[in-house]
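Overview (structure and organization)
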There are 4 protein chains.
Amino acid sequence: MPISYTRARDLARRLSRGQSVDQLSQRLKPVVESERALSPRVPGQGDWSAAAHAERIAFLERKGLQLPALAGRSGAPDPASLQGNIEGYIGMTSIPTGLVGPLRINGLHASGDYYVPLATSEGALVASYDRGARLISLAGGASTITTNEQVQRAPGFVFETVAQASLFAVWAVAEFDRFHEVAATRTRHGQLLDLMTHIEGNHVYLIFAFYTGDAAGQNMVTFCTAAICADILERTPIAPTSWFLESNMSGDKKATALSFFQTRGRNAIAEVLIDRALFEQRMHTTPERMAEYWRMSFIGGVQTGSIGVSGHISNGIAALFLATGQDAACISEASVGITRMEVADGGGLYAAVTLPNLILGTVGGGTALPTARECLRILDCDGADRAARLAEICAAVTLAGELSIVAALCSGDFARAHATLGRKQEPRA
Amino acid sequence: MPISYTRARDLARRLSRGQSVDQLSQRLKPVVESERALSPRVPGQGDWSAAAHAERIAFLERKGLQLPALAGRSGAPDPASLQGNIEGYIGMTSIPTGLVGPLRINGLHASGDYYVPLATSEGALVASYDRGARLISLAGGASTITTNEQVQRAPGFVFETVAQASLFAVWAVAEFDRFHEVAATRTRHGQLLDLMTHIEGNHVYLIFAFYTGDAAGQNMVTFCTAAICADILERTPIAPTSWFLESNMSGDKKATALSFFQTRGRNAIAEVLIDRALFEQRMHTTPERMAEYWRMSFIGGVQTGSIGVSGHISNGIAALFLATGQDAACISEASVGITRMEVADGGGLYAAVTLPNLILGTVGGGTALPTARECLRILDCDGADRAARLAEICAAVTLAGELSIVAALCSGDFARAHATLGRKQEPRA
Amino acid sequence: MPISYTRARDLARRLSRGQSVDQLSQRLKPVVESERALSPRVPGQGDWSAAAHAERIAFLERKGLQLPALAGRSGAPDPASLQGNIEGYIGMTSIPTGLVGPLRINGLHASGDYYVPLATSEGALVASYDRGARLISLAGGASTITTNEQVQRAPGFVFETVAQASLFAVWAVAEFDRFHEVAATRTRHGQLLDLMTHIEGNHVYLIFAFYTGDAAGQNMVTFCTAAICADILERTPIAPTSWFLESNMSGDKKATALSFFQTRGRNAIAEVLIDRALFEQRMHTTPERMAEYWRMSFIGGVQTGSIGVSGHISNGIAALFLATGQDAACISEASVGITRMEVADGGGLYAAVTLPNLILGTVGGGTALPTARECLRILDCDGADRAARLAEICAAVTLAGELSIVAALCSGDFARAHATLGRKQEPRA
Amino acid sequence: MPISYTRARDLARRLSRGQSVDQLSQRLKPVVESERALSPRVPGQGDWSAAAHAERIAFLERKGLQLPALAGRSGAPDPASLQGNIEGYIGMTSIPTGLVGPLRINGLHASGDYYVPLATSEGALVASYDRGARLISLAGGASTITTNEQVQRAPGFVFETVAQASLFAVWAVAEFDRFHEVAATRTRHGQLLDLMTHIEGNHVYLIFAFYTGDAAGQNMVTFCTAAICADILERTPIAPTSWFLESNMSGDKKATALSFFQTRGRNAIAEVLIDRALFEQRMHTTPERMAEYWRMSFIGGVQTGSIGVSGHISNGIAALFLATGQDAACISEASVGITRMEVADGGGLYAAVTLPNLILGTVGGGTALPTARECLRILDCDGADRAARLAEICAAVTLAGELSIVAALCSGDFARAHATLGRKQEPRA
């Protein structure tokens with residue numbers, strides 16, 4: 001996160017879905033196959049025939065899902081339906097989409113065996129994530145949680161002197177309750193949560209943090225902040241010489257250390273504890289070697305100066321974001337996170353992924369586009385009150401991907417998997 | 001970059017397409033409308049009717065382009081054709097795609113008036129980039145250049161002691177020529193360019209940098225490095241206790257300070273000098289205010305701890321990457337860059353974008369997918385010897401986007417544009 | 001900063017020393033020589049004779065200061081007096097100390113014409129800072145302000161699962177008031193200000209932020225946090241499997257992006273507006289060239305991946321920290337900051353330095369050592385209720401240094417100054 | 001590092017002091033007490049009496065060292081002798097200095113049992129480092145190595161267009177040999193090693209890297225680069241519109257990701273392998289707990305966005321830099337590094353410190369000051385051909401400090417040690 005104690009009630013309220021220590025622990029604990037059978041695997045893995053494709057579509061439609069757009073039965077959309085999503089429309093870019101699953105999740109908001117659509121053109125990616133998902137599921141599933149959630153917009157104000165700047169900052173923070181009300185006139189679903197001030201010389205940056213409901217929320221925070229700024233300019237006792245609605249401190253659409261600390265979007269965590277025998281049997285390597293790799297690669301990541309350190313989180317994030325109609329530009333921020341792997345007491349493997357910048361939504365933006373809506377339905381994530389669930393699925397999916405790629409690097413399968421699945425027929429790249 | 005002087009010949013060779021100082025300067029200099037008329041604008045901007053859509057398709061097809069996939073006339077693909085791109089195929093995710101242009105570019109590899117397909121679901125994005133493209137074109141076009149180009153893969157080796165580690169490092173760097181030969185057995189188009197060593201305690205990280213031709217090249221560098229590692233393990237005088245094909249120092253699919261310095265993929269720069277009168281007339285703000293915004297927002301970005309500082313580069317990168325079949329996970333790294341704006345001598349606006357991590361290709365990966373291939377053709381970027389051109393187009397497109405968004409923030413149009421184009425009909429977000 | 005609105009009252013209370021907008025603005029506004037004559041310059045600049053040294057000592061002693069230790073009249077200290085500062089004592093390391101001034105400051109806590117002792121062995125440093133101080137003073141002085149102040153200690157707790165970790169975090173933040181009381185049993189001068197939680201997988205990091213009065217406070221926060229942790233372990237409903245008093249999230253003695261955002265120690269800002277004629281006459285360059293340098297060097301700093309961007313802040317910080325008995329290890333964090341220079345409306349030069357990590361004190365640590373105490377007295381900063389003043393002096397001094405070095409780089413004097421003052425007699429380095 | 005293969009010969013030549021794999025491994029391997037008795041401990045630890053002080057001085061002087069300045073027998077210096085180090089001289093700031101040792105080092109450049117003077121006012125620091133030094137020594141000593149060494153200076157050049165900028169860059173890199181000659185006219189001891197170019201829009205940054213012999217070298221690289229720039233301006237085919245001798249890309253006196261990667265100053269590594277029984281007996285904790293702490297604190301450091309991740313390296317660096325006359329402002333960069341701890345095969349503890357930014361010297365700057373010269377002699381590091389040795393001692397000393405502090409945090413002794421040694425008599429801080 002980190003979040004201030006004054007914001008603790010939000011976290012507490014969110015976690016209270018589990019009511020008590022025992023109940024939350026119960027909700028998040030692994031459920032192995034002997035307790036509840038795993039849902040069937042996606043049919044026809046490793047088969048690129050039209051029949052296998054049809055079988056997979058049928059498999060999903062038997063669950064009551066309608067998938068005309070994904071299945072290619074719905075024809076080209078009416079351009080008028082795309083107003084609000086595109087200008088100068090010339091057509092639809094098509095991205096191949098595969099299905100992974102089941103992925104068992106025992107989370108605060110996500111719970112059950114999920115089938116996960118991933119849109120990508122990188123061969124081997126879906127197969128790799130599916131391998132990780134199977135491992136997690138056989139281990140009883142990933143425990144997931146969503147902690148903090150907020151989206152920022154950060155206007156900037158220029159003054160003549162630092163004296164004016166600091167007095168303006170003092171005035172502004174005291175107006176928080178008023179700003180909260182102003183924001184409420186512009187949104188039904190969101191609310192102003194926090195206001196941070198930053199003074200640099202005679203510059204004042206105000207960082208407004210909003211709860212944006214089930215929307216990714218960038219437009220919502222823009223409109224609310226515009227209204228707040230109008231209010232500020234009308235009432236401020238110290239007029240700025242200049243001001244801008246966004247000063248580049250919101251972290252919008254870029255990886256930043258600030259967002260990594262503070263959460264931008266949703267902060268979701270997924271962890272899994274995998275029994276040694278299960279792990280070794282399926283992944284052809286050992287928890288010790290995974291831990292050794294984690295250590296070396298974590299130091300490697302630090303040495304590159306990355307923000308957060310992980311394996312290939314962006315692969316899973318990108319594929320899930322594209323499939324579910326998220327803003328692809330946010331892949332740059334949403335991919336920031338921490339992956340950890342260690343040998344657990346008892347000799348198994350403990351692995352966790354922490355993703356503090358999951359800017360995503362289940363309403364608004366591209367989520368109503370035909371294929372996105374179908375993919376959200378496959379995940380039981382369409383519509384209201386589902387965004388935290390989608391965030392937890394993101395965390396569990398990336399955990400699957402991290403486990404699979406690291407195991408491949410440890411067992412020596414990495415290059416071979418890409419040689420097999422990542423290209424068509426050329427003997428040499 | 002930075003690049004070492006020993007690699008200078010590569011840069012020099014690349015720039016020699018312009019032959020001499022005078023010729024390169026000539027090739028990159030602005031060409032205003034009075035010298036060469038601008039190509040016509042994309043028809044039907046601001047019109048979401050089916051007729052306008054058809055008119056835009058016809059506009060492109062009159063240029064000899066065939067666009068059945070984008071136009072929605074080609075039906076669902078044969079799943080078998082997707083082997084190498086996807087597993088567990090269930091269908092195609094569709095992303096709305098709009099057209100921007102013309103965007104005049106006077107570059108080392110890109111030259112002419114381009115129409116640029118952008119795939120996104122963010123309303124207002126295409127319109128905003130189109131506005132920036134028009135400004136650049138009226139100013140005579142963006143000057144673009146591609147400097148460095150390389151893709152890394154970084155295996156890690158663990159030894160018992162730092163003595164062994166350092167002796168291994170010394171041995172390895174002396175084997176460069178041999179490694180170059182080994183790599184050549186695995187690729188026709190690529191070649192090993194450089195090898196950097198990094199010792200941390202008893203860990204040795206070897207960072208191999210390859211030229212990957214017109215492919216994004218991640219698989220190529222994996223296969224080549226796997227072959228080099230096999231050679232290392234066979235011949236090394238000091239055996240590692242453990243090793244991994246990738247140690248997280250390659251920067252693959254994440255924003256890193258190291259890649260930002262060193263180039264990962266292609267390093268492209270675009271700049272434009274805009275006459276004051278033209279600028280003020282079209283953007284409703286002044287070069288001085290743009291420079292003031294740049295200063296405040298650049299400091300703002302520094303204060304968030306971002307890698308590189310820019311506005312919303314990721315929007316343009318994501319939209320162009322999706323349209324042209326690039327790896328969407330690479331948006332996380334490709335969006336890193338520097339945007340600069342200043343008042344030029346003479347009172348106009350100077351603006352530049354430097355993008356050092358453009359991992360992209362015009363062959364391989366998703367570039368052969370039907371809609372991607374059509375979009376690459378619109379850009380005259382399909383096939384061999386086109387990747388540097390695509391990189392320069394990326395730089396010019398993001399420059400257009402930076403100019404447009406910053407001007408909107410300076411003139412006060414930012415929130416209004418999103419309210420108009422970014423949503424359908426809801427009165428409140 | 002940034003600071004949350006809930007912490008705003010602290011900032012407001014601190015700024016209320018100026019009572020009102022008008023009064024604070026009045027207190028911080030420049031005072032040119034015609035309004036109040038500048039104090040005399042340090043005598044004997046450019047003279048290394050014993051007589052000049054004696055004259056400088058006499059100059060200070062005429063102000064009622066006693067300087068036996070600096071003047072070399074006090075002999076070796078009794079080792080027993082150094083208990084608490086050193087073990088295995090063998091003697092005193094001696095660092096040459098020079099005097100800069102007067103430096104006019106119009107600040108919230110510092111106000112007047114200061115003479116500043118700087119301890120360094122880098123020739124040209126004192127002369128350069130003196131040049132900058134003179135420029136500032138002739139311009140009417142630097143306006144300074146101290147905004148936020150806090151010192152962190154960050155214990156870490158390990159749990160079996162993320163469920164336990166998050167429930168512990170929820171419990172802990174709700175105990176803030178209790179922790180505040182526990183801390184109060186261990187310190188008279190400090191108090192617990194804030195508690196931030198950070199969950200990564202099954203790890204919980206608690207970041208306690210304290211006000212530490214006039215002490216740098218690292219020991220105080222250690223003792224208070226140890227007491228809080230004892231209380232936690234006694235009462236927590238969820239026992240950690242392991243815990244550590246410090247988890248490396250406090251930012252202690254290192255440059256971190258987190259401290260740069262959040263303040264560690266004191267956050268002080270200094271600014272000055274310099275009339276064009278005065279500037280050009282004394283610095284042999286123009287405000288435009290300073291602004292051009294700022295822009296290029298600021299981008300340069302961003303390209304190196306530094307935390308904050310400035311010129312040579314660490315020179316002034318190190319010299320002032322050594323002279324005044326601060327912890328030299330904290331130079332690594334205290335040197336983080338932002339320097340800004342721009343052409344002001346009216347054609348003058350605006351310059352500001354923002355230093356958010358000034359870990360310093362006027363009591364405790366090395367501040368009672370003989371020469372440190374004398375230097376603190378020269379600054380009117382010895383004892384209680386002086387730490388914020390010292391912080392503002394730090395900001396003003398570094399502003400002087402930034403102005404001087406950048407002007408030297410702009411006018412071409414940089415290498416020459418070092419050649420003249422930075423070495424003794426060797427013709428070649 | 002990393003260093004390019006083209007620079008490999010430098011590393012190889014440096015390591016060739018060990019001639020062969022076997023010989024280097026032999027030189028760096030641990031030497032336990034049964035093979036060679038440890039030198040006696042510093043007398044009178046824990047005794048602050050004048051007698052104990054005198055005993056320690058006598059202990060050192062019996063080794064043939066003369067220590068009048070440290071011992072307080074030499075009186076105040078002649079101010080004239082300080083020309084080149086200070087201006088406006090008012091006296092000497094005195095910093096308490098303690099002795100640690102013996103610290104056994106088996107290194108490429110340092111070899112033997114060292115007594116280490118540390119200047120600090122932080123109580124408990126010397127005792128803590130002494131505890132770590134004893135642990136290392138009993139384990140047979142730290143293995144140390146110096147790999148890369150270079151100091152940068154980075155002039156910046158502004159052009160009208162990116163075309164001119166890139167052509168200038170191409171021209172400049174081709175002039176490397178000439179620049180090497182020009183540099184040679186300004187220094188006997190240094191030489192130009194590398195030149196990296198960086199183009200951002202129409203800006204060109206040239207990063208010159210020099211070998212600076214036994215000097216820290218900032219002045220040397222300034223003078224050499226000034227000469228090279230004069231040569232550039234005289235001969236360049238494309239004249240810049242503006243240029244600056246330093247563009248903030250050298251990393252001078254600040255922590256930067258670029259220097260962390262590339263080495264600035266010397267890159268030294270120290271490692272030690274400690275037998276489990278020895279470790280547990282002396283440190284009251286286990287290798288497993290140390291590894292657990294390392295993992296949690298390393299992730300903690302990543303979450304703060306620090307450059308490199310370590311414990312309190314800056315404490316040791318600052319204390320050793322002050323004692324030996326180094327530039328205290330460089331503490332900000334020299335403190336950057338990586339600390340690693342893990343359970344070794346066999347159950348012992350493996351620990352390593354990698355310090356890539358050791359800007360230090362044994363000649364020039366403050367090294368000739370009386371107490372500095374004495375401290376350098378204690379370390380057998382005064383004069384020529386000793387800087388690499390001092391760098392390795394730095395690495396071994398910080399390794400001692402890291403082991404001691406982490407063990408204290410693991411065993412629960414951290415707060416208690418500071419309560420005992422870190423303050424005089426006050427019951428409450």
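These lines cover the structure that appears in this document, whether it is placed above or below. This structure is a prediction, so every number in the text was calculated from the model and none was measured.

Counting secondary structure elements, chain A contains 16 helices and eleven strands. In terms of overall dimensions, chain A is globule-like: its C-alpha atoms have a radius of gyration of 23 Å, near the 22 Å expected for 429 residues. The C-alpha extent of chain A, read off along each of the three principal axes, is 70 × 55 × 50 Å. Of all 429 residues assigned to chain A, the portion counted as buried reaches 72%. Intrachain contacts of chain A at a sequence separation of at least 6 include 75% that bridge at least 24 residues. Total accessible area on chain A is roughly 11,900 Å²; 50% of this is exposed by carbon and sulfur atoms. Side-chain charges of chain A comprise 38 positive and 41 negative groups, with the mean position of each set lying 4 Å from the other.

All right, on to the interface of chain B and chain A then. At the interface, 126 residues of chain B touch 126 residues of chain A. Both faces considered, chain B and chain A share a buried interface measuring about 10,400 Å² in area, 58% of it formed by carbon and sulfur atoms. The interface formed by chain B and chain A contains two salt bridges. Of the charged contacts, one joins Glu122 of chain B and Lys253 of chain A as a salt bridge, the two residues approaching to 2.6 Å between their closest N and O atoms. Of all the elements, strand S2 (residues 89-107) of chain B adds the most residues to the side of chain B that touches chain A, at eleven residues. Examined bridge by bridge, strand S2 (residues 89-107) of chain A and S2 of chain B share nine bridges and lie antiparallel to one another. The residue of S2 of chain B that forms the bridge with Met92 of chain A is Pro96 of chain B.

Once that is clear, we can look at the packing of helix H7 (residues 176-184) of chain C against helix H8 (residues 218-235) of chain C. All names here are of chain C. Their axes nearest at 8 Å, the elements H7 and H8 cross at an angle of 130°. On the basis of the axis angle, H7 is oblique to H8. Crossing handedness for the pair H7 and H8: right-handed. Residues Arg178, Phe179, Val182 and Ala183 of H7 lie in contact with H8, whose contacting residues are Cys224, Ala227, Ile228, Asp231, Ile232 and Arg235. Considered class by class, the residues forming the contact of H7 with H8 number seven nonpolar, no polar and three charged.

Here we take up the pairing of strand S7 (residues 203-211) of chain D. Residues and elements named next belong to chain D. Burial analysis of S7 places eight of its nine residues in the buried class, which makes it a mostly covered element. As paired elements, strand S4 (residues 142-153) and S7 share three bridges and run antiparallel to each other. From the neighbouring strand, Gln152 faces S7, where its bridge partner is Ala209. With three bridges joining them, strand S5 (residues 156-158) and S7 adopt antiparallel strand pairing. Note on S7: the bridge partner recorded for Val158 is His203. As paired strands, strand S6 (residues 191-200) and S7 are joined by nine bridges and run antiparallel to one another. Of the residues in S7, the one forming a bridge with Met196 is Ile207.

When chain B is brought onto chain A, the operation consists of a screw motion whose angular component is 180° and whose axial shift is 0.0 Å, with 0.0 Å RMSD remaining. Classification of the inter-copy transformation places it as that of a two-fold axis. Within chain B, Ser332 of chain B has its C-alpha nearest the rotation axis, a separation of 1.9 Å. In this assembly, 100% of the residues forming the interface of chain B have copies in chain A that are likewise at the interface, indicating an isologous arrangement.

Residues and elements named next belong to chain B. Position of Thr187 among the secondary structure elements: in the loop between helix H7 (176-184) and strand S6 (191-200). Its relative accessible area of 3% is what places Thr187 among the buried residues. A distance of 3.2 Å separates a polar side-chain atom of Thr187 from the backbone nitrogen of His189.

We now examine the packing of aromatic side chains. The tally for this structure, following the rule as stated, stands at 44 aromatic pairs over all chains. Judged by centre distance (4.8 Å) and plane angle (40°), the ring pair of Phe159 of chain C and Phe168 of chain C falls under tilted. Taking relative accessible area as the criterion, Phe159 of chain C reaches 2% and is therefore assigned buried. Ring centres of Trp171 of chain C and Phe179 of chain C lie 6.3 Å apart, and the angle between their planes is 70°; on these two criteria the pair is classed as edge-to-face. Of the residues examined, Trp171 of chain C reaches a relative accessible area of 14% and is grouped as buried. You can call Phe179 of chain C buried: its relative accessible area is 0%. Taking NZ or CZ as reference, Lys63 of chain A lies 4.7 Å from the ring centre of Phe59 of chain A, over its face.

Between chain C and chain D, the superposition needs a rotation of 180° and an axial shift of 0.0 Å, giving an RMSD of 0.0 Å. Same-surface contact between copies: 100% of interface residues of chain C are shared with the interface of chain D.

We now examine the nonpolar core. Ranked by internal contacts, the top residues of the largest apolar core, which has 600 residues, are Leu403 of chain A, Leu403 of chain B, Leu403 of chain C together with Leu403 of chain D. Excluding residues that lie within four positions of it along the chain, Leu403 of chain C makes contacts with Leu135, Ile136, Val272, Ile274, Met283, Met290, Met341, Leu349 and Ala351 of chain C.

Looking now at the environment of Ala239 of chain D. In this structure, Ala239 of chain D sits in the loop between helix H8 (218-235) and strand S8 (242-244). Along the sequence, Ala239 of chain D and Arg153 of chain D sit 86 residues apart, while their C-alpha atoms lie 20 Å from each other.

To continue, consider the interface of chain C and chain D. Taken together, the 126 residues of chain C in the interface contact 126 residues of chain D. Between chain C and chain D, roughly 10,400 Å² of surface is buried when both sides are summed, and carbon and sulfur atoms account for 58% of that area. Counting across the chain C and chain D interface gives two salt bridges. Where chain C meets chain D, there are 66 residue pairs in polar contact (both at pLDDT 80 or more). At eleven residues, the largest contribution of residues to the side of chain C that touches chain D is made by strand S2 (residues 89-107) of chain C. Residues of the side of chain C that touches chain D, tallied by class, amount to 60 nonpolar, 49 polar and 17 charged.

What follows concerns the pattern of salt bridges. Applying the stated rule across the entire model yields 96 salt bridges over all chains. Notably, a salt bridge pairs Arg41 of chain C with Asp130 of chain C, separated by 2.8 Å at the nearest N-O pair. Pair noted here: Arg41 of chain C is in the loop between helix H2 (21-28) and helix H3 (50-61) and Asp130 of chain C is in helix H5 (residues 125-138), with a separation of 89 residues, a long-range link. Judged by its relative accessible area of 37%, Arg41 of chain C is partly exposed. Each of Arg153, Glu246, Asp252, Arg264 and Glu333 of chain A takes part in salt bridges that share partners, so that together they form one network.

Take the side chain of Ser242 of chain A next. Structurally, Ser242 of chain A can be placed in strand S8 (residues 242-244). Overall, Ser242 of chain A belongs to the buried group, its relative accessible area being 5%. Within the structure, Ser242 of chain A has its side chain in polar contact with the side chain of Arg289 of chain B (distance 2.7 Å). Once you skip the residues sitting within four places of it in the chain, Ser242 of chain A turns out to touch Gly156, Phe157 and Val158 of chain A together with Arg289 and Glu292 of chain B.

So, how was this worked out
Along every chain, residues carry numbers that run from 1 in the direction the sequence is written. Whichever chain is written first is A, and whichever ligand is written first is 1; the rest continue in order. For this predicted model, a pLDDT threshold of at least 70 governs which residues receive local features, and a threshold of 80 or more governs which side-chain atom pairs are given and counted, while totals over whole chains, interfaces and linings are taken from all residues. With hydrogens and water set aside, each side-chain value is computed from the structure's full complement of heavy atoms. Only DSSP runs of H or I covering at least 4 residues are called helices, and only runs of E covering at least 2 are called strands; the numbering of each starts at the N terminus. The globule rule is 2.2 Å times the number of residues to the power 0.38, and the radius of gyration it is compared with is taken over C-alpha atoms. Here the term buried applies to any residue with accessible area under 20% of the maximum for its type, exposed to any over 50%, and partly exposed to those in between, with areas from a 1.4 Å probe on protein chains only. Residues count as neighbours in contact if any of their non-hydrogen atoms are within 4.5 Å of one another. Computed with the Shrake-Rupley method and a 1.4 Å probe, the accessible areas treat only the protein chains shown as cover for residues. For this count, His and the chain ends are skipped, Lys and Arg are scored as positive, and Asp and Glu as negative. Charge coordinates come from a single atom per side chain, which is NZ of Lys, CZ of Arg, CG of Asp or CD of Glu. Two parts placed together each lose some accessible area under a 1.4 Å probe, and the buried area is that loss summed for both. Just to be clear on terms, a salt bridge is a Lys or Arg side-chain nitrogen sitting within 4 Å of an Asp or Glu carboxyl oxygen. Pairing between strands requires that DSSP locate at least two bridges from one strand to the other. Only the stretch in contact is used when a helix axis is fitted, and all axes are lines through C-alpha atoms; the angle between N-to-C directions ranges over 0 to 180 degrees. Working rule for angles: under 35 degrees goes down as roughly parallel, over 145 as roughly antiparallel, 65 to 115 as roughly perpendicular, anything else as oblique. Handedness of a helix crossing follows the sense of rotation of the near helix relative to the far helix, less than a right angle counterclockwise being left-handed and clockwise being right-handed. Polar here means any residue outside two lists: the nonpolar Ala, Val, Leu, Ile, Met, Phe, Trp, Tyr, Cys and Pro, and the charged Asp, Glu, Lys and Arg; Gly therefore counts as polar. The copies were overlaid by least squares, fitting only the C-alpha atoms of residues that reach a pLDDT of 70 or more in each copy. In protein, a polar contact requires one atom able to donate a hydrogen and another able to accept it; more generally it is a pair of N or O atoms within 3.5 Å, and residues adjacent in sequence count only if both atoms are side-chain atoms. Pairing of aromatic rings covers Phe, Tyr and Trp, the last counted by its six-membered ring, and requires centre-to-centre distances within 6.5 Å; plane angles under 30 degrees mean stacked, over 60 mean edge-to-face, and any other angle means tilted. Put simply, a charge is over a ring when the Lys NZ or the Arg CZ is close to the ring centre, within 6 Å, and near the line of the ring normal, within 35 degrees. For this analysis, a nonpolar core means a set of buried residues of the types Ala, Val, Leu, Ile, Met, Phe, Trp, Tyr and Cys, connected via side-chain atoms within 4.5 Å.

Remember that the coordinates give geometry; whether it matters functionally is a separate question.
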